[in-house]
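Structural characterization, general
In case you want the letters, here they are:
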Amino acid sequence: MFRKILIANRGEIAVRVLRACRELEIATVAVYSEADAAALHVRLADEAHLIGPAPSTESYLRIERIIEAARASGAEAIHPGYGFLAENADFARACAAAGLTFIGPPPEAMELMGSKINARRAAIEAGAPVVPGTTEPLRSAEEAGETAARFGYPVMLKAAAGGGGKGMRLVLNADEIASAFEAAQSEAQAAFGDAAVYLEKAVERPRHIEIQVFADARGHTVHLGERECSIQRRHQKVIEECPSPIDDPGLRARMGETAVRVARAANYVGAGTVEFLVSDVTREFYFLEMNTRLQVEHPVTELVTGVDLVREQITVAAGQPLSFTQDDIEWRGHAIECRVYAEDPDNNFLPSPGRITSLRVPAGPNVRDDGGVYAGAEVSIYYDPMISKLAAWGRTRGEAIARMRRALAEYTVGGIKTTLPFFREVVRDEEFIAGQLDTGFIERFNRRRADAARAAATAEAGGTDQAAREGDDAAEADTMRDIAIIAAALAAAPNAQATPNVDQTAAQPPSQWRVMGRVAQHRSRDLF
């Protein structure tokens, strides 16, 4: 087993890996940029090394500086976390060249599955169903238009390299194809240094479901079931569940077997995820891509299966076999995860960097928060704005939802905007509760919110108008009654003087202050 591991990442995933190392009694080394000098992962690690200025291109993406830190610290292995260099085959090779163990898959597997086009070819050879589309990059907007016409709209343009929604465009008709192709190419080049784009037939209202796979170097490959990842914004997941609300054991088995075949075709070792699009009507599924790393949403799988995926990554990288077989895996209960971002959900989820002035993290039975911040910490403009992953487990999906509602109500973050208010609404949404999920959920949810707000405003305005009309009628009736009383009193005045013993109380007209008070009251109602 390793004696010391360097964690080539930051934030909540660096803290997550650090904790797994502590449980294995492995010393930890953090790396940090100038912006992260006071970050939580730096504070918790046994030692920490500065690797450069704030921009990730000058720090967390600098392979030679990370290797240098590993050598200086005496680390034997490097865990890349996710993001940054986690799926960089050159980094894995650099680790090997320096005599360090890369805790992840072989570089050849990363290269194969890192290219979406090559991954499609490999999946087809492994017998996995794929969405109809191209297996070669598109050479021009004209070719894109011809290909789209052949498959039929809508279609999806996707970057051949990378992921995370970058270089992806949904094209609804021929009028949009040229501009969408240029935009997808430009974004892919900027994000991945590779402008290659391919095309797939768009699956309308699909579920995005992924299968967690794990393999050791001794030929054992297993799957740990599915995660529902359909709730996304800008093609990035924000809420995940295990299992999917579909909860179909037969479908899970078929998808799991397919994912295992894909992993074996890539000679995969370590933790990986095979992603699929699933028709909510036919239950047909199509290979989408393979992520050659630990996923952000791994906690829900851990909560349901009881397997510590990070610990397993470390032990497998150290040459040990998997600690479980396929038959050992059981799925107990249901888990839901919300990715808590420093973003403003009322402003198109724009980042909300700044200092966290106060922080109260939820706790209690079966609630887990994988966080990377503390009160007083700074959410930087330089990095991904995710501050924690909040997960809740229950014996049933309904119990998990109730527990997540409670946890979200307890969670407070001061000083910045977060996605917490958005999640508090989603977990009470009728479609969410019913498990009616697909990748268009947030768009429909936002429309429902807008429609409800308009209806409430209209009802309030209508109620105010009705109250005003009723007020007008009441004031007019009061005034007419006052006039009638005064007129009757004046008419009865001579008789009243002739018969002084008659009670004149009923004949007293109302005070003008009272009348004016009624008028003022009516006018004040008009103002509201």
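Use the structure listed above.
Residues numbered from 1 in each chain as written. Predicted model: local features only at pLDDT ≥ 70, side-chain atom pairs only at ≥ 80, totals over all residues. Heavy atoms only, no water.

Things to note about unusual backbone geometry
Residue Pro154 is reached from Tyr153 by a cis peptide bond, and omega for that bond is 0 degrees. Residue placement: Pro154 occurs in the loop between helix H7 (141–151) and strand E6 (155–159). The residue after Cys242, namely Pro243, is reached through a cis peptide bond having omega -5 degrees. Considering the arrangement of structural elements, one finds Pro243 in the loop between strand E11 (236–242) and helix H9 (249–265). (Helix = DSSP H or I, 4+ residues; strand = E, 2+ residues; numbered from the N terminus.)

Here we look at the pairing of strand E10 (residues 221–233)
With respect to burial, E10 is a largely interior element, 13 of its 13 residues being buried. As paired strands, strand E9 (residues 206–215) and E10 are joined by six bridges and run antiparallel to one another. If you follow Ile211 over to E10, its bridge partner there is Glu226. Between E9 and E10, which pair antiparallel one after the other, the connecting turn spans five residues, and Gly219 there sits at a positive phi close to 95 degrees. Summarising the sheet, E10 and E11 pair through four bridges and their orientation is antiparallel. Its bridge partner lying in E11, Gln232 is registered against Lys237. Between E10 and E11, which pair antiparallel in sequence order, lie two residues; one of them, Arg234, sits at a positive phi of approximately 50 degrees. (Buried < 20%, exposed > 50% of the residue type's maximum accessible area, 1.4 Å probe, protein only. Pairing = 2+ DSSP bridges.)

Focus on the environment of Pro132
Structurally, the position occupied by Pro132 is in the loop between helix H6 (116–125) and H7. Expressed as a C-alpha distance, the spacing of Pro132 and Glu200, which sit 68 residues apart in the sequence, is 5.8 Å. The contact partners of Pro132, leaving out residues within four places of it in the chain, are Arg120, Phe151, Glu200 and Lys201. (Contact = heavy atoms within 4.5 Å.)

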